[in-house]
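The chain contents come next:
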Amino acid sequence: MSYKIPLFDLNFDEREEKAIVETIRSNWISIGPRCEEMERIFAEMLGVKYAIGMSNCTTALHLAYLAVGIEEGDEVICPSLSFVATANAIRYIGAKPVFCDIENYDDLNISAARIEAAITPKTKAIVVMHFAGFPCDMDAIMAIAAKHNLRVVEDACHGPLSEYKGKKLGTIGEVGCFSFFSNKNISTGEGGMIVTNDEQVARRVKSLRSHGMTTMSYQRAKGHATSYDVVEVGYNYRMDDMRAAIAIVQFGKLQEDLNKRVKVRELYLTELKSLEDKIYVPFAGNTEFVSNYIFPIVLKNSDVENRDNVRERIHAKGVQTSVHYPAIHRFSAYKPFGANVPMTEYVTDNEITLPMYASLSGEDIKFIVDSLKDSI
Ligand SMILES: *Cc1c(COP(=O)(O)O)cnc(C)c1O
């Protein structure tokens, strides 16, 4: 079915097309000069020492976890209210995800106090995910990590250019991971990025990204090197220059796109005031600059059946919605791990994600909110 108002709209035009055509005509389409340029620009945008292009954010998370030293048998504290990749990548290593509840219905991020309560002698790391681009309580989380000697990885997929007290999300923990999947703020089809200020972590990620090889085919083709060694068992998690060329164009559009999203969110907040007794609007009190990757609401006094009915009625009016997220701990593959996360369970049953993209008009937002009102 095609919706009058979709959940998301790709911010593409002839500039992405041109970037692809130029790359194809350059005769070098896999990892090379455009990937290097993309990494340089992204590092500059985030004010971070190292940015490393990745095939996607799932592989970015995997290497980030390895690079901070997570090993088989370690416990890693993470949210259940996230995309499954956050936890899957922990299991690639044979480590154990320990699901931690959110703060509350106004703040869907992992709770610092609950993180501390979940720490055991086996805990190695904390993974935070900045929901919709709204920052987790990083001061508290970094303090807990320092106190217990834990590593911190940021799943910053929702938050490129989002800020927390003057710092960009992804640059506060030891490693930050980003996704350039089609529906993210930066879209290249598939793609991702790791950022870090730690030279050791950067070196390890670069090695693991390409089979543990000491030189890359691009360097060899350029005559900079003729042979290579393999110093550890790595992966092929590289990006390619066609996607990097798209990423560079997308970076140029990002700030303006996010500025427009801030306005869209303001319009939503105004329109949704009349529904105060029916819904929570998470992060309504936020004062940071954020990416507004998605626009979540949570129904009050509701259950999953009611939520699904409300969604069906909104869809019938031509407005597409989604659910962020089906909680990870409830998936069949995660049943053995268990979790005591009652607030996550309420949110996963009663959340509705409304359309969010830069070109949404005031009229669109009125239509969406009216549809929501009628549907509730
Ligand atoms: C999209 C997303 C991922 C996975 O990213 P891919 O690039 O699709 O692998 C991981 N975590 C979160 C929070 C995401 O939104």
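Residues numbered from 1 in each chain as written. Predicted model: local features only at pLDDT ≥ 70, side-chain atom pairs only at ≥ 80, totals over all residues. Heavy atoms only, no water.

Novice: I'm lost on the UniProt feature "modified residue: N6-(pyridoxal phosphate)lysine" (unreviewed entry) in the chain in this one. Help?
Specialist: Look at the UniProt record and you will see "modified residue: N6-(pyridoxal phosphate)lysine" (unreviewed entry) annotated at Lys184. Structurally, Lys184 can be placed in the loop between strand E10 (175-179) and strand E11 (192-196). The class of Lys184 is buried, set by a relative accessible area of 12%. Discounting residues that sit within four places of it in the chain, Lys184 has contacts with Phe8, Cys157, Ser179 and Tyr293. (UniProt positions renumbered as here; feature names shortened; annotations may be inferred. Helix = DSSP H or I, 4+ residues; strand = E, 2+ residues; numbered from the N terminus. Buried < 20%, exposed > 50% of the residue type's maximum accessible area, 1.4 Å probe, protein only. Contact = heavy atoms within 4.5 Å.)

Novice: Mind showing me how you'd approach the pairing of E11 here?
Specialist: For a regular strand, the rule is simple: side chains alternate between the two faces of the sheet. The buried fraction of E11 amounts to five of the five residues, a majority that puts the element mostly inside the structure. Here E11 shows two buried faces, one formed by Gly192, Ile194 and Thr196 and the other by Met193 and Val195. Taken together, the five bridges between strand E1 (residues 50-54) and E11 define a ladder with antiparallel strand orientation. What sits directly across from Ala51, in E11, is Val195. Looking at chain direction, E10 and E11 are connected through four bridges and run antiparallel. Of the residues in E11, the one forming a bridge with Phe178 is Met193. (Pairing = 2+ DSSP bridges.)

Novice: Where do I start with the nonpolar core in this structure?
Specialist: Core analysis: the biggest nonpolar cluster contains 35 residues, and Met54, Leu63, Tyr65, Ile70, Cys177, Ile194 and Val205 have the highest contact counts within it. For this core, the secondary-structure elements that each account for two or more residues are E1, helix H3 (57-67), strand E2 (75-79), helix H4 (85-92), strand E6 (123-129), E10 and helix H7 (199-209). If you tally residues by element for this core, the top one is H3, at eight residues. For Val205, the residues in contact, after removing those within four places along its chain, are Ile52, Met54, Leu63, Ala67 and Ile194. Counting 23 residues, the second largest nonpolar core, distinct from the first, contains Ile31, Leu161, Ile186 and Met193. (Core = buried A, V, L, I, M, F, W, Y, C linked by side-chain atoms within 4.5 Å.)

Novice: Any chance you could explain the pattern of salt bridges here in plain terms?
Specialist: Once their charged atoms are close, side chains differing in charge can pair, the charge on each being opposite to the other. Taken as a whole and assessed by the stated rule, the structure comprises 20 salt bridges. For Lys124, the salt bridge identified is with Asp74, shortest N-O distance 2.9 Å. In this pair, Lys124 sits in strand E6 while Asp74 sits in the loop between H3 and E2, placing the two residues 50 residues apart along the sequence. Across the pair Lys147 and Glu116 runs a salt bridge whose closest N-O atoms are separated by 2.8 Å. (Salt bridge = Lys/Arg side-chain N within 4 Å of Asp/Glu carboxyl O.)

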